[in-house]
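# Per-entry structural report
Next come the chains, spelled out residue by residue.
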Amino acid sequence: DISYDDIGGLNPTIRKIRQVIELPLLQPKLYRSIIKNSKNMNVKGLLITASSGCGKTLISKAIQNETPAYFLRIDCFELLTKTVEQAIAFLLKSIEEAVSKQPSIVYFDDFDSVALPEINENAQPDSRISNALCSALKRLRAEKGVIVIAAARDDSRIRKDIKAKFDRKVNIMYPIGEERVSILRTIAVRHPIDLSLALDASSILLSGKSSAQITNS
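Residues numbered from 1 in each chain as written. Predicted model: local features only at pLDDT ≥ 70, side-chain atom pairs only at ≥ 80, totals over all residues. Heavy atoms only, no water.

### Observations concerning the overall build of the protein
What counts is decided by this rule: Secondary structure elements follow DSSP: runs of H or I of four or more residues count as helices, runs of E of two or more count as strands, with numbering from the N terminus. Buried means the residue's accessible area, taken with a 1.4 Å probe over protein chains only, is under 20% of the maximum for its type, while exposed means over 50%, and partly exposed covers the values in between. Areas reported here follow the Shrake-Rupley algorithm with a probe of radius 1.4 Å; residue values treat only the protein chains shown as occluding.
When helices and strands are tallied, the protein shows 10 helices and 7 strands. The buried share of the protein, taken over its 217 residues, is 45%. Accessible area of the protein: about 11800 Å², with a carbon and sulfur share of 51%.

### Here we look at the packing of aromatic side chains
As a reminder of what qualifies: In this analysis, rings of Phe, Tyr and Trp, with Trp reduced to its six-membered ring, are considered paired at centre separations within 6.5 Å, and the interplanar angle assigns stacked below 30 degrees, edge-to-face beyond 60, and tilted for intermediate values.
The final tally for this structure, using the stated rule, is 3 aromatic pairs. On the basis of an interplanar angle of 80 degrees and a centroid distance of 5.5 Å, the ring pair of Phe111 and Phe166 is categorised as edge-to-face. Remark: Phe166 occurs in the loop between α7 (160–163) and β7 (168–172) and Phe111 occurs in the loop between β3 (104–109) and β4 (118–119); sequence separation between them is 55 residues. A relative accessible area of 0% means that Phe111 is categorised as buried. Here Phe166 falls in the buried class, since its relative accessible area comes to 10%. Grouped by ring-pair contacts, the aromatic residues Phe108, Phe111 and Phe166 constitute a single cluster.

### Quick notes on the packing of helix α5 (residues 84–100) against helix α6 (residues 128–141)
This is how it is decided: Interaxial angles span 0 to 180 degrees and are taken between N-to-C directions of axes, which are lines fitted to C-alpha atoms, for helices over the stretch in contact. Reported orientations rely on four angle classes, namely roughly parallel under 35 degrees, roughly antiparallel over 145, roughly perpendicular from 65 to 115, and oblique for the rest. Whether two residues are in contact is decided by their heavy atoms: any pair within 4.5 Å suffices. In this count, Pro and Cys sit with the nonpolar residues alongside Ala, Val, Leu, Ile, Met, Phe, Trp and Tyr, while Asp, Glu, Lys and Arg are called charged and the others, Gly among them, polar.
Viewed as axis vectors pointing N to C, α5 and α6 meet at an angle of 10 degrees, and their least axial separation amounts to 10 Å. In this view, α5 runs roughly parallel relative to α6, as classed from their interaxial angle. Contact residues: α5 offers Val84, Glu85, Ala87, Ile88, Leu91, Ile95, Glu96 and Val99, while α6 offers Arg128, Ile129, Ala132, Leu133, Ala136, Arg139 and Leu140. Its residues assigned to classes, the contact of α5 with α6 comprises 11 nonpolar, no polar and 4 charged.

### Brief notes about α6
Note: α-helices contain 3.6 residues per turn, so residues at a spacing of three or four share the same orientation. Put simply, the rule reads: A helix is expected to reach a length of 1.5 Å times the quantity of its residues less one.
Under the 1.5 Å per step criterion, the end-to-end length of α6 is 20 Å for 14 residues, consistent within 8% with the ideal 20 Å. Listed as buried for α6 are Ile129, Ser130, Ala132, Leu133, Cys134, Ala136, Leu137 and Leu140.

### Notes on the pattern of salt bridges
Counted only if it meets this: Salt bridges, as used here, are contacts in which a Lys or Arg side-chain nitrogen is within 4 Å of a carboxyl oxygen on Asp or Glu.
For the coordinates displayed, the defined rule picks out 11 salt bridges. The partner of Asp155 in a salt bridge is Lys163, and the shortest N-O contact between them spans 3.7 Å. Take Lys163: its relative accessible area is 29%, and that puts it in the partly exposed class. Across the pair Lys169 and Asp155 runs a salt bridge, and its minimum N-O distance is 2.7 Å. Of this pair, Lys169 sits in strand β7 while Asp155 sits in the loop between β6 (146–152) and α7, placing them 14 residues apart in sequence.

Right, dumping it as structure tokens:
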């Protein structure tokens with residue numbers, strides 16, 4: 001099972017994510033007393049953007065394993081394999097499930113694949129899925145015990161009205177400097193390595209690589 005400690009190089013990002021998730025879900029009364037006079041702190045949606053291999057999947061697994069709340073993962077690419085009617089029905093059913101099992105975290109993976117106008121088989125714009133998604137987000141935001149997290153590679157492709165449903169955004173960049181060293185140290189804990197290998201020197205050689213590429217190097 002993946003935990004936050006298993007993710008190297010993303011400590012500031014993980015800290016921001018936990019602040020958004022854990023207090024509202026695990027201590028709602030305290031959270032409401034804190035945000036009573038500060039609407040800016042009432043975070044109901046978090047948008048995570050990152051290139052492939054930069055840790056979105058690991059983060060989602062750590063959130064699921066470390067947060068005592070119902071976790072619902074929606075694979076947006078999977079929605080695209082269904083007919084429009086099937087996709088909308090699946091989405092609505094999933095949302096109702098999350099609402100009924102509060103406290104809940106709803107995690108949309110590859111969010112930018114559906115949060116934009118689609119093209120139907122006649123090459124005409126078809127926004128039915130993204131419209132249903134927008135309505136679903138509005139419903140979820142109205143629930144006290146639900147937090148929405150969406151992971152995307154390119155948030156510039158997301159419809160503006162859908163993007164507006166997210167109060168916070170976290171952008172994960174390719175690891176640099178100490179972040180690469182942190183990833184290597186995390187790997188070293190789990191896998192035997194040559195102790196004569198200098199981590200600092202190795203991090204320089206791995207410059208420009210994603211966390212997944214570093215792990216597989």
